[in-house]
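# Structural overview for review
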Amino acid sequence: MTTSAIAVSGLRKTFGDKTVLDGIDFEIPAGTVFSLLGPNGAGKTTTVNVLTTLIKADSGTVRVAGHDVATEAKAVRSAIGVTGQFAAVDELLTGRENLQLMVDLTRGSTKVDKRIVDSLLERFDLVESADKSAATYSGGMRRKLDLAMTLVGSPRIIFLDEPTTGLDPRSRRTMWTIIRELLADGVTIFLTTQYLDEADELADRIAVLNQGKLVAEGTPEELKRQIPGTHVRFRFATIDDLDVAAGILPESTRDDDALTLRVPSDGGTKSVRALLDRLDEHSLDAEEFSVHTPDLDDVFLALTGHDTAEVVAK
Ligand SMILES: Nc1ncnc2c1ncn2[C@@H]1O[C@H](COP(=O)(O)OP(=O)(O)OP(=O)(O)O)[C@@H](O)[C@H]1O
């Protein structure tokens, strides 16, 4: 049985007369990565804050790890880990001391648990700086330390609010590897990010938040198929075959040099099969065919209404 780690229904939140979340619904199966995308100010952090019990929703139900965030906040808090945009690192302490403090708080004991601290320092590539004060850390090192601190209590659900913002490519990769390892351990991850390639790389499902509503939800592939620009490309053996095919598929555009036809399509199995059937009716075989989808940047721009014309023109 698949259980939902997080279930959100009819979630609304207003600040004064500004409606930030206007009735949103989603479910996240346990052991998956869900990524919430949206332009600045869309309400991503507000969503994270409601789900992690930091602020109360105006209406709707939110269950995290089976508990209601409004009435069972304590149970929710003990099941989750949160790494925020503003790292919870204490700058006066060293990296090692920050981690140790978290161990002490989590375990309710002052006994030094050197092994978990050392293994986290190693895992996050922080051994060399472990005994330097966190004030000397770069933004990226601070983020890594912050996530390491989140992992001390082995939470089953982790909220990562823009975990790689400001990280150099190598640190981003380290983060991605760690996120994948967590996933392999069955942890559920709620990820907000401004990097669409990150969502593409890591997320099982993506939701796009715009003006208080979820304007799209699906796997990265499903989202890419929804927007203009998706097409099927056929390559033919001869110019004669290309001529015939262009007659059969008048909606296509042809490239005589490459012997290819580009046919607008949602790229789904049904549509591709229908195209192949139309060629088959004329006993025409393509040498090869491929489905081309726009990348997530295109999806994001199209769905959130920014620069749609530019996307369509591609
Ligand atoms: N405590 C608050 N009081 C009033 N308005 C708020 C409060 N918190 C957030 N907002 C407003 O709610 C909207 C959504 O903010 P939120 O931080 O959730 O967006 P976001 O999608 O996380 O944006 P970003 O990508 O810039 O972090 C913004 O217009 C913000 O100004």
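Residues numbered from 1 in each chain as written. Predicted model: local features only at pLDDT ≥ 70, side-chain atom pairs only at ≥ 80, totals over all residues.

### Focus: the overall build of the protein chain
What counts here: What counts as a helix is a DSSP run of H or I of at least four residues, what counts as a strand is a run of E of at least two, and both are numbered from the N terminus. We call a residue exposed when 12 or fewer other C-beta atoms sit within 10 Å of its C-beta, buried when the count reaches 20 or more, and partly exposed for counts in between; the C-beta positions come from the backbone. A pair of residues counts as a contact when their C-beta atoms, built from backbone coordinates, are separated by no more than 7 Å.
Regarding its fold elements, the protein chain presents twelve helices and 14 strands. With respect to the principal axes defined by its C-alpha atoms, the protein chain has extents near 80 × 45 × 40 Å. Within the span of the protein chain, comprising 314 residues, buried residues form 39% of the whole. For the protein chain, the proportion of contacts with a sequence separation of at least 24, taken over those separated by at least 6, is 67%.

### Considerations on the domain arrangement of the protein chain
In many analyses, interface size is given as the accessible surface area lost on bringing the parts together. Condition: Domain borders in the structure are assigned automatically or taken from a domain database.
For the protein chain, the assigned domains are domain 1 (4-218) and domain 2 (231-292). Using only C-alpha atoms to locate each centre, domain 1 and domain 2 end up separated by 45 Å.

### Things to note about the sheet that holds strand β2 (residues 18-29)
Backbone-to-backbone hydrogen bonds join strands into a sheet, with any given pair of strands oriented parallel or antiparallel. So the rule is basically this: Pairing between two strands requires that DSSP report at least two bridges joining them. Lines are fitted to the C-alpha atoms to define the axes, a helix being fitted only along its stretch in contact, and any angle between axes, read from their N-to-C directions, falls within 0 to 180 degrees.
Strand order in the open sheet formed by four strands is β2-β1-β4-β5, with antiparallel pairing between adjacent strands. Looking at the sheet topology across the chains shown, the edges are occupied by β2 and β5 (67-68). In this sheet, strand β4 (residues 59-64) lies alongside strand β1 (residues 4-15) in antiparallel orientation, the contact comprising five bridges. Within the sheet, the bridge partner assigned to A7 lies in β4 and is R63. Running at roughly 120 degrees to β1, helix α1 (residues 44-51) makes contact with β1, β2 and β4 of the sheet.

### Concerning the site of the ligand
Note the threshold: We call a residue near a molecule or strand if the C-beta atom, set from the backbone, is within 6 Å of it. Each residue receives one of three labels: charged for Asp, Glu, Lys and Arg, nonpolar for Ala, Val, Leu, Ile, Met, Phe, Trp, Tyr, Cys and Pro, and polar for the others, Gly being one of them.
Taken together, F15, V20, G38, N40, G41, A42, G43, K44, T45 and T46 are the residues near the ligand. Considering every element that reaches the shell around the ligand, the biggest residue donor is α1, with three residues. Here the shell around the ligand is composed, by residue class, of three nonpolar, six polar and one charged.

### With respect to helix α9 (residues 239-248)
Going by this rule: The arc under discussion is defined with respect to the helix axis, by the directions toward the C-beta atoms.
Among all positions of α9, only D241, L242 and A245 are buried. The arc that holds the buried residues of α9, viewed along the axis, is 100 degrees, so those residues lie on one side. Facing away from the buried side of α9 by over 90 degrees, the exposed positions are I239, D240 and G247. In this fold, the buried residues of α9 make contact with β11 (231-235), β12 (253-255), β13 (260-264) and α10 (269-281).

### Section: the environment of F234
The topology assignment puts F234 in strand β11. A tally of 25 C-beta atoms within 10 Å means that F234 is categorised as buried. Separated by 134 residues in the primary sequence, F234 and Q100 have C-alpha atoms spaced 59 Å apart.

### Details of the sheet that holds β11
The four strands are arranged β12-β13-β11-β14 in an open sheet whose pairing can be described as antiparallel. Whereas interior strands pair on both sides, the edge strands pair on one side only; in this sheet they are β12 and β14 (288-292). Across the sheet, the axes of successive neighbouring strands diverge by a mean angle of 20 degrees, strand direction being ignored. Bridge count between β11 and β13: five bridges; the pairing is antiparallel. Note that in β13 the partner of R233 across the bridge is R262. Docked against the sheet, α9 engages β11, β12 and β13, running at close to 15 degrees with respect to β13.

### Comments concerning the nonpolar core
Across soluble globular proteins, nonpolar side chains show a tendency to be buried alongside one another. Defined as follows: Here, a nonpolar core denotes buried Ala, Val, Leu, Ile, Met, Phe, Trp, Tyr and Cys residues that are linked to one another through C-beta atoms within 7 Å.
Among the nonpolar cores identified, the biggest contains 51 residues, and L51, V64, I189 and V208 are the most heavily contacted of them. Sort the elements by how many residues they give to this core and helix α11 (residues 296-303) lands first, with five residues. Here I189 is in contact with V33, I158, L160, I179, L182 and L183, once residues within four sequence places are set aside. Counting residues in each nonpolar core, the second largest holds 18 residues, with L126, L145, A148 and L151 among its members.

### Digging into the pairing of β4
Of the strand pairs in this sheet, β4 and β5 are connected by two bridges, and their pairing is antiparallel. By the bridge assignment, R63 is partnered in β5 with D68. Taken together, β4 and the strand that follows it, β5, pair antiparallel across an intervening segment of two residues, in which A65 is found at a positive phi of about 55 degrees.

### Looking at helix α6 (residues 169-184)
The α-helix winds at 3.6 residues per turn, so residues separated by three or four positions along the chain end up facing the same way. Quick reminder of the rule: A helix is expected to span 1.5 Å for every residue after the first.
The end-to-end C-alpha distance of α6 is 23 Å, a good match for the 22 Å that 16 residues give at a rise of 1.5 Å each. By the burial criterion, the buried members of α6 are R172, T174, M175, I179 and L182. The arc that holds the buried residues of α6, viewed along the axis, is 160 degrees, so those residues lie on one side. Residues of α6 that are exposed and point more than 90 degrees away from the buried face comprise P169, R170, R173, T177, E181 and A184. Among the residues trailing α6, G186 stands out with phi positive, at a value near 90 degrees.

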